[in-house]
Structures are given as C-alpha cells and as structure tokens.
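One letter stands for each residue in the lines below.
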Amino acid sequence: QVQLVESGGGLVQAGGSLRLSCAASANSSTISLGAWYRQAPGKQRELVATIASGGTTRYADSVKGRFTISRDNAKNTVYLQMNSLKPEDTAVYYCHAIMGFRSYWGQGTQVSVSS
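Please read these numbers as outputs of a predicted model, since none were measured by experiment.

With respect to the state of the cysteines
If you walk through the whole model with that rule in mind, you get 1 disulfide. Note on cysteine connectivity: Cys22 is disulfide-linked to Cys95, with sulfurs 1.9 Å apart. Because the sign of the S-S torsion sets the handedness, a value of about -80° for the bond joining Cys22 and Cys95 places this disulfide among the left-handed ones. With Cys22 in strand β3 (residues 18-24) and Cys95 in strand β9 (residues 91-99), the pair connects residues that are 73 residues apart, well separated along the chain. Note on Cys22: relative accessible area 0%, which makes it buried.

Printed below as a string of structure tokens:
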C-alpha cells in the first residue's frame, strides 16, 4: 500500500526544536511536491511549507526564518526542521505529498510547545 508515515512529533518548551519526518512507503512513486500542514484545535488547517522536486521551497509568513523544509530523494522522505518553537506552533502537523498522478496524506503527528 502506498502511504506516508510521519514521525518526530512531541512536547517541547518554547524556544526548543523538533524535526518531523514524512517517509513514503517503498512501493511509492517519487514525491514530486511535498508539503506540511498544521491544524490547531478550533482553527483552520494552515499550509506551513512546500518543497518541489527541483528543491524550490515556500513558507507561511508565520514560520519563515524558523522552519526549514527539506527532502532526501534517495529516501523519498520530506522533513520539517522546526526551530525557535512558540506555543502558537502547537498543532497536529500533517504531511502531504503528490506522487505520480495522486496525492496522499500522512496520519498526523502532534507537536506541543509549552510556555
């Protein structure tokens, strides 16, 4: 089965760091566009960052300068390095990827930032 497996969430204090991973299963096509979304309780889902096959990245203004999206094509994995975390970053983070002609979602991973 084609799937995205997320890992790396957890609880950190404000100012701390986390690294999220989104790995496509072995039978998947190459990730052409990878993205991270997040959704906090009672709030809309927010696009956090994207990375294209050529390496072009885009970020939401709220995370620019603090978060870095990257990819390892050999592992068919997308990462989100989160630094200088703030309590407002607390949310469930979802990986999204376009592979072949289809798109896929990860199951989500909880990121909690305490003040």
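Some details on the packing of aromatic side chains
By the definition in use, this model includes 1 aromatic pair. Ring centres 5.0 Å apart and planes at 55° place the aromatic pair Tyr37 and Trp105 in the tilted group. A residue pair is termed long-range when its members are at least 10 positions apart, and Tyr37 in strand β4 (residues 31-39) and Trp105 in strand β10 (residues 102-105) qualify at 68 residues. With a relative accessible area of 21%, Tyr37 lands in the partly exposed category.

As for the nonpolar core
Within the largest apolar cluster, 28 residues are counted, with the highest numbers of intra-cluster contacts made by Leu4, Trp36, Val48, Phe67, Leu80, Met82 and Tyr93. If you list the elements that add at least two residues to this core, you get β3, β4, β5 (46-52), β7 (67-72), β8 (77-82), β9 and β11 (109-114). A total of 5 residues in this core trace back to one element, the largest contributor, which is β9. Those residues in contact with Tyr93 that sit more than four places away from it in its chain are Glu6, Leu20, Trp36, Tyr37, Arg38, Val48, Phe67, Leu80, Met82, Gly108, Thr109 and Val111.

Regarding the sheet that holds β8
Strand order in the open sheet formed by 4 strands is β1-β3-β8-β7, and the pairing between neighbours is antiparallel. What marks the edges here is a single partner per strand, and that holds for β1 (4-7) and β7. In this sheet, adjacent strand axes meet at a mean angle of 15° when their direction is disregarded. When β1 meets β3, the two strands line up antiparallel, connected through 4 bridges. Counterpart to Ser7 in the pairing with β3 is Ser21.

A few points about the side chain of Thr77
With respect to the element layout, Thr77 can be found in strand β8. One polar contact links the side chain of Thr77 to the main-chain carbonyl oxygen of Lys75, over a distance of 3.0 Å. Excluding residues that lie within four positions of it along the chain, Thr77 makes contacts with Ser21, Cys22, Ala23, Ser70, Arg71 and Asp72.

What counts, and where the lines are drawn
Residues numbered from 1 in each chain as written. Predicted model: local features only at pLDDT ≥ 70, side-chain atom pairs only at ≥ 80, totals over all residues. Heavy atoms only, no water. Disulfide = S-S within 2.5 Å. Helix = DSSP H or I, 4+ residues; strand = E, 2+ residues; numbered from the N terminus. Buried < 20%, exposed > 50% of the residue type's maximum accessible area, 1.4 Å probe, protein only. Phe/Tyr/Trp six-rings, centres within 6.5 Å; stacked < 30°, edge-to-face > 60°. Core = buried A, V, L, I, M, F, W, Y, C linked by side-chain atoms within 4.5 Å. Contact = heavy atoms within 4.5 Å. Pairing = 2+ DSSP bridges. Axes fitted to C-alpha atoms, helices over the stretch in contact; angles between N-to-C directions. Polar contact = N/O pair within 3.5 Å; in protein donor to acceptor, adjacent residues only side chain to side chain.

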